[in-house]
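This is what each chain is made of:
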Amino acid sequence: MSNPTPGEPAPSKPVPGTPARHPTGMMKMIGVALAAFTFTFAMVPLYRIACEKVFGVRLEKGAANAGDKTSANDARWVTVQFDGGVNSKLPWAFRPEQLTMRVHPGQQYEARYFAQNSSDHGIVGNAVPSIAPSRASGYFSKTECFCFTAQTLAAGESRDMPVRFIVDPDLPRDVGTITLSYTFYKNDTLTARLPRDADGAQSTALAGTTLTSRSAP
C-alpha cells in the first residue's frame, strides 16, 4: 500500500458502529416531506367543505379577487330599452311604463308595462317577447314575466304587467344597449272559451288568466 503524498490528507476511514448513508433512505425522507406538504394543502378544501356542508357556514373564496369582480360589475352599466305594441286584431292599448333603464349586469330589476282592453267584451291575449340585438338574447334572462301565461282583460279593464329580468355579467363588452320588445296577439281559442254573462257579454272568469286589475290612468 502506497503512502500518501506529503500535504495530501489521508483518506478517511469509516468509524466502527456508524451506519452507512444510502441514497434510498434520503429519497424516503424527501417523499415523507412531500406527502406532509400535500396533506396540509388538501386540508384547506376539506375544511371548507366541512364548514359549508356540515355546519352551514359559507366561506368566501378569494376575497380579493371576488371584490375585484364585484367592483367591475358595479362599474359597468347596460341600458335596457323597452318597447311594446299589439297585433291589429287585438283592440288593446299596450305600452311600457318606462322607456329606458340603466342596470348593472348580474342584478335583478323590474320593469312594468301597461295594458288596457278598449273593446266592449273580454279578450285573452298572449305576449311574444323579442330581444335586440339578437346575440344579446342569450344574456338576457326573464325571471318573472306576463308573457309566460295568457292574459285576460275584461271590457275596459287595464292592468300593470311586471317583468323581472337579469342581464348576464358575461354580456359581450361591445353590447351596451339591449331592447326588450313585446307584441300582444289575440288568443282566439281562449277568448272563445270565456263564459258569457246573462246579457251575453263575455266575462273574464277563465281559470289561469285572471289577474288583479287597476283603473285606467
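It should be noted that the structure appears before, not after, this text.
As the structure is a computational prediction, the values presented were derived from the model and not from experiment.

Caption draft 1: Representation of the overall build of the chain. Counting secondary structure elements, the chain contains 3 helices and 9 strands. Listed N to C, the secondary structure of the chain is α-α-β-β-β-β-β-β-β-β-β-α in terms of helices and strands. For the chain, with 217 residues in total, the buried portion stands at 28%. A separation of at least 24 residues holds for 71% of the contacts in the chain among residues at least 6 apart in sequence.

Caption draft 2: Looking closely at the pattern of salt bridges. By the definition in use, this model includes 6 salt bridges. A salt bridge links Arg159 to Glu157; its shortest N-O distance comes to 3.0 Å. As far as the burial class goes, Arg159 and Glu157 line up, both buried. Note that Asp188 and Lys186 form a salt bridge whose closest N and O atoms lie 3.9 Å from each other. Taken together, the shared-partner salt bridges connect Glu110, Arg112, Glu144 and Arg164 into one network.

Caption draft 3: Local environment of the sheet that holds strand S2 (residues 92-96). Read across the sheet, 4 strands follow the order S2-S4-S8-S6 without closing on themselves; strand pairing throughout is antiparallel. Each having just a single partner strand, S2 and strand S6 (140-145) make up the two edges of the open sheet. Each strand of the sheet is rotated relative to its neighbour by a mean of 25 degrees, with strand direction disregarded.

Caption draft 4: View of the pairing of strand S4 (residues 108-117). In this structure, S2 lies alongside S4, joined through 5 bridges in antiparallel fashion. Paired with Pro96 across the two strands is Tyr113, which belongs to S4. Where S4 and strand S8 (residues 158-167) come together, 9 bridges link them in antiparallel fashion. Bridging from a neighbouring strand, Tyr109 pairs with Phe165 of S8.

Definitions and limits used
- Residues numbered from 1 in each chain as written.
- Predicted model: local features only at pLDDT ≥ 70, side-chain atom pairs only at ≥ 80, totals over all residues.
- Heavy atoms only, no water.
- Helix = DSSP H or I, 4+ residues; strand = E, 2+ residues; numbered from the N terminus.
- Buried < 20%, exposed > 50% of the residue type's maximum accessible area, 1.4 Å probe, protein only.
- Contact = heavy atoms within 4.5 Å.
- Salt bridge = Lys/Arg side-chain N within 4 Å of Asp/Glu carboxyl O.
- Pairing = 2+ DSSP bridges.
- Axes fitted to C-alpha atoms, helices over the stretch in contact; angles between N-to-C directions.

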